[in-house]
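Single-letter residue listing:
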Amino acid sequence: MMTLRCRHRPHRSPLLCFWLVLLLVVIAVLFMDPLFRDASRHAAIARHAPTAGHRWPAPADLELLVDSRDQGGEGGFRAPAFLRDDQLLVAPSSAPAERRGSGVAARDGRRRGEVEPRAGLSSLAGKAAGRATTSGEAAARRRAFDEAISEGISFHRRPPESRPAACLSQQYNTSLPTATVVVCFHDEAWSTLLRTIHSVLDTAPARHLREVLLVDDCSERGHLKTPLSKYVSKLKGVRLIRSARRLGVVGCRVLGAARALGDVLVFLDSHCECQQGWLEPLLERIAGDRSRVVSPVMDVIDGRTFRYNATRDLIRGVFDWKLDFHWEVLPKQKDPLKTVEPIRSPALAGVLAIDRQFFQKIGAYDPGMVLWGVENIELSIRVWLCGGSMEVIPCSRVGHLEQFHPSFTLPDDDTVEKNKIRVAETWLDAYKNIFYKRNTVAFFIWQSESSNCTERVKLQKMLGCKNFQWYLSNVHQDLYIPQDRQGFSGEARLTFYSVLSRHCEMNSLKEVRWGPMGQLCFDAKGDRVVLSQSDLLSLFPHQNGQIVHLLTEKCIEAVKTERKGLFLRPCSSDPRQQWHFEQLVDPRRS
Ligand code: UDP
Ligand code: MN
């Protein structure tokens, strides 16, 4: 436009034209600059990329900070606008390693995944409520665990030995792949974060530890700014990168993975303590097969006392039909040598080790997942279906802090449900109906909001992954597959009221199954109906509305007097013996 005007009136103000053109050039350069910056950043990320296989880039619009010196205190968080890629890594480590040896001084938490069904659509109303506020975050933080107790404990404490005795004589190959230990954190307490870092430095052999990579997920707490940068700059082999945008566990780990230099990624929470010898058995299993994804046995650090409690049982990770994760206790092994063998695991929690190239090849984490929750289940299914396997390694032990409250607030009540919907829609095929029937909240969300999993389904096709039926037949064979027959499953109701508000089902074997794994069955104890896990199951045919206990030929009656509960009574026409099952949702019809 400007040029045209100039051309049309060349004689009027050539000087003005010159300035206008110059201004345009300057604006154009400023406009282009971020693009150049981005391009150079991606080029630099690519330099660190694995040499083979597909790579998943770090989230596109994050900003990495040089340092926190210009950030001010708590709340003064601002991302500097212009950074070159080679300035991105904070606090270059130059000082000698801090390795001070010993200091003074069952199960991991996917607990928040458990969301009880809420009455029908009312839950959707709650969804709009409660974006995270700073004061909300602060309150949550106060309650997460006892920080004062933690502050009194050495960064170098040596937890009591928790490995089975047979582990202590195990020898490991000295030429193992190297590890990058990725520790993502959001507003972690100083003492727990530092204890995590030091416990890695104190336990991981230097030849196997490429680096500890701290990834700050947009923390607000003051101690995580300049003080942390300064502290980390004195530690050898520790790098710190920061995101100015909240990435959540998924984004943060993907970013860490994109920056990692080691052969193997080890994801740790920011409140862990590693046992002696925890890293080598993990690396050895991966060295033997790069598609193995392995986890230490998670010991439990008590959030009130900071006592370190060893997990004595043999465990494996599983998930149920509500897509909640659990550690499942396995039968005891009599042979001590058997207690140290890797345990095939249908799923793993958040703490795990995975070959970096394999991680990138199979699609890292699902970037569509928001903030926190079930990303571990999605990864587990994908690993198994797309060519890998998962194991728990009994000789590797890491303590994880059991918090009594989430340390951060989720953007809304349904964040985890939405992540679960992504798992169901991407991976569960027709089995997703079983999930939706037991998770009616997720069903209603799915009905009212679209969840775009196209990219992940494409990935599945590209990788040639197997289907969920294969997972059920080959990986988690013990997971009970509900039949959910119409009229025989749903809430068990009497004529007027619901007696069992959770989904249960009467299958064609005449078992009444209950619980998100269908693992509990109706059984008779005297005249009382109980839930039992025993293999000697009672059979309960459903005849003319009555549920009959086959052995005694008595009927289940709901009693609401002083001995409240379900009882076996002589069959009669009493309405308290008239049962029907009501399915709250029918995903197949939607
Ligand atoms: N985390 C994060 N960003 C988030 C939420 C969590 O970086 O938005 C970090 C958190 O600090 C921790 C890890 O991710 O190091 C796992 O979170 P958390 O310990 O709360 O999960 P849980 O152990 O309860 O599964
Ligand atoms: Mn944790």
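Quick notes on the rules
- Note on numbering: residues in each chain are counted from 1, in written sequence order.
- Chains and ligands are labelled by the order in which they are written, letters from A for the one and numbers from 1 for the other.
- Per-residue local features of the predicted model are confined to residues with pLDDT of at least 70, and side-chain atom pairs are confined, for both listing and counting, to 80 or more; whole-chain, interface and lining totals are unaffected and use all residues.
- In computing side-chain properties, one takes all heavy atoms of the structure into account and sets aside hydrogens as well as water.
- Think of it in three bands: residues with accessible area under 20% of the maximum for their type are buried, residues over 50% are exposed, and the middle band is partly exposed, with areas taken using a 1.4 Å probe on protein chains only.
- Runs of H or I in DSSP of at least four residues are treated as helices and runs of E of at least two as strands, each being numbered from the N terminus.
- Strands are treated as partners if at least two bridges between them are detected by DSSP.
- Shown as donors are all N, O and S atoms within 2.8 Å of a metal ion, widened to 3.2 Å for Na, K and Ca; because water is not in the atom set, sites may appear incomplete.
- Pairs of cysteine sulfur atoms within 2.5 Å are what we label disulfides.
- Here a salt bridge means any side-chain nitrogen of Lys or Arg lying within 4 Å of a carboxyl oxygen belonging to Asp or Glu.
- Aromatic rings from Phe, Tyr and Trp, with only the six-membered ring used for Trp, were paired whenever their centres fell within 6.5 Å, and each pair was classed as stacked if the ring planes differed by under 30 degrees, edge-to-face if by over 60, and tilted otherwise.
- Charge over a ring is defined by NZ of Lys or CZ of Arg lying within 6 Å of the ring centre and within 35 degrees of the ring normal.
- Axes here refer to lines fitted to C-alpha atoms; in helices the fit is confined to the stretch in contact. Angles between the N-to-C directions go from 0 to 180 degrees.
- An angle below 35 degrees is read as roughly parallel, one above 145 as roughly antiparallel, one from 65 to 115 as roughly perpendicular, and any other as oblique.
- For a crossing to be left-handed, the near helix must be turned anticlockwise from the far one by less than a right angle; the clockwise case is right-handed.
- Should any heavy atoms of two residues lie within 4.5 Å, those residues are counted as being in contact.
- Nonpolar residues are Ala, Val, Leu, Ile, Met, Phe, Trp, Tyr, Cys and Pro. Charged residues are Asp, Glu, Lys and Arg, and all others, Gly as well, are polar.
- Residue types Ala, Val, Leu, Ile, Met, Phe, Trp, Tyr and Cys, when buried and joined through side-chain atoms within 4.5 Å, form a set referred to as a nonpolar core.

> So what exactly am I meant to see when it comes to the pairing of strand E3 (residues 238-243) here?
With six of six residues buried, E3 lies mostly within the body of the structure. Of the two faces of E3, the one lined by Val238, Leu240 and Arg242 and the one lined by Arg239, Ile241 and Ser243 are each fully buried. In this structure, strand E2 (residues 209-217) lies alongside E3, joined through six bridges in parallel fashion. Note that in E3 the partner of Val212 across the bridge is Val238.

> Sorry, what's going on with the coordination of the manganese ion (ligand 2) here?
For a metal with four tetrahedral donors the ideal donor-metal-donor angle is 109.5 degrees, whereas six octahedral donors ideally subtend 90 or 180 degrees. Protein coordination of the manganese ion (ligand 2) is provided by Asp269 (OD), His271 (NE2) and His400 (NE2), with donor distances spanning 2.1 to 2.2 Å. Positions of the donor residues of the manganese ion (ligand 2), expressed as sequence spacing, correspond to D-x1-H-x128-H. Note that Asp269 is positioned in the loop between strand E4 (264-268) and strand E5 (272-274) and His400 in strand E12 (residues 389-402), a separation of 131 residues in sequence. Per residue, the accessibility class of Asp269 equals that of His400, and both read buried.

> Please clarify how the state of the cysteines should be interpreted in this entry.
Each disulfide is one covalent bond, formed between the sulfur atoms of two cysteines. Using the criterion set out here, one finds three disulfides in the structure. One disulfide in the model links Cys167 with Cys395; its S-S distance is 2.0 Å. Taking the sign of the S-S torsion, about -85° here, the bridge from Cys167 to Cys395 comes out left-handed. Placement of Cys167 in the loop between helix H5 (147-151) and strand E1 (179-185) and of Cys395 in strand E12 is noted, with a sequence separation of 228 residues between them. Per residue, the accessibility class of Cys167 equals that of Cys395, and both read buried.

> I'm lost on unusual backbone geometry in this one. Help?
If a residue is not glycine, its phi is most likely negative; likewise, a peptide bond is most likely trans. The phi dihedral of Val374 falls on the positive side, at around 55°, and the residue is not glycine. In this structure, Val374 sits in the loop between helix H10 (356-361) and helix H11 (375-385). For Asn544, which is not glycine, the phi dihedral falls at a positive 50°. By secondary structure assignment, the location of Asn544 is in the loop between strand E18 (542-543) and strand E19 (546-549).

> Teacher, can you tell me more about the pattern of salt bridges here?
A side chain with one charge can pair with a side chain of the opposite charge if their charged atoms come near. Enumeration according to the criterion identifies 29 salt bridges in this entry. In this structure, the salt-bridge partner of Glu147 is Arg221, at a minimum N-O distance of 3.4 Å. In this pair, Glu147 is assigned in helix H5 and Arg221 in the loop between E2 and helix H7 (226-233), connecting sequence segments 74 residues apart. The class for Glu147 is buried, based on a relative accessible area of 18%. With relative accessibility at 12%, the residue Arg221 sits in the buried group. Here Arg242 and Asp216 are joined by a salt bridge, their closest N and O atoms 2.7 Å apart. Here Asp216 lies in strand E2 and Arg242 lies in strand E3, a separation of 26 residues in the sequence. Each member of the pair, Arg242 as well as Asp216, is classed as buried. One salt-bridge network, held together by shared partners, links Asp366, Glu378, Arg382, Arg422 and Arg456.

> Explain the packing of aromatic side chains here, please?
Aromatic ring pairs are reported here in terms of the distance separating the ring centres and the angle at which the planes meet. Within this structure, the stated rule accounts for 17 aromatic pairs. Summarising the aromatic geometry, the rings of Phe325 and Trp327 are spaced 5.1 Å apart at their centres and angled 85° between planes, so their arrangement reads as edge-to-face. On the basis of relative accessibility, which here comes to 11%, the residue Trp327 falls in the buried class. Feature note: the residues Phe319, Trp321, Tyr431, Phe468 and Tyr471 constitute an aromatic cluster, connected by ring pairs. Sitting over the face of the ring of Phe404, Arg304 holds its NZ or CZ atom 4.3 Å from the ring centroid.

> Sorry, what's going on with the packing of helix H12 (residues 415-427) against helix H15 (residues 454-463) here?
To characterise two packed helices, one gives the angle between the axes of the helices and the distance between these axes. At their nearest, the axes of H12 and H15 sit 9 Å apart, and the two run at 40° to each other. Between H12 and H15, the angle falls in the class oblique. Both H12 and H15 take part in a crossing whose hand is right-handed. The residues of H15 that touch H12, namely those facing Arg422, Thr426 and Trp427, are Arg456, Val457 and Gln460. A class-by-class count of the residues in the contact of H12 with H15 yields two nonpolar, two polar and two charged.

> How should the nonpolar core be read in this particular structure?
Within soluble globular proteins, side chains that are nonpolar generally end up buried alongside one another. By size, the foremost hydrophobic cluster in this structure holds 104 residues, and its most contacted members are Leu268, Trp278 and Leu428. Excluding residues that lie within four positions of it along the chain, Leu268 makes contacts with Val181, Val182, Val183, Cys184, Thr196, Val200, Cys274, Trp278, Val351 and Val398. Within the second largest apolar cluster, 18 residues are counted, among which are Cys504, Trp514, Leu520 and Ile556.

> Which parts of the structure should I look at to understand the pairing of strand E8 (residues 315-319)?
A regular strand carries its side chains on alternate faces of the sheet. Here E8 lies mainly inside the structure; five of its five residues are buried. Here E8 shows two buried faces, one formed by Ile315, Gly317 and Phe319 and the other by Arg316 and Val318. Bridge analysis of E8 against strand E9 (residues 325-329) gives five bridges, and the strand direction is antiparallel. Pairing of Phe319 across the sheet is with Phe325, part of E9. What sits between E8 and E9 in their antiparallel hairpin is a turn of five residues, with Leu323 showing a positive phi close to 65°.

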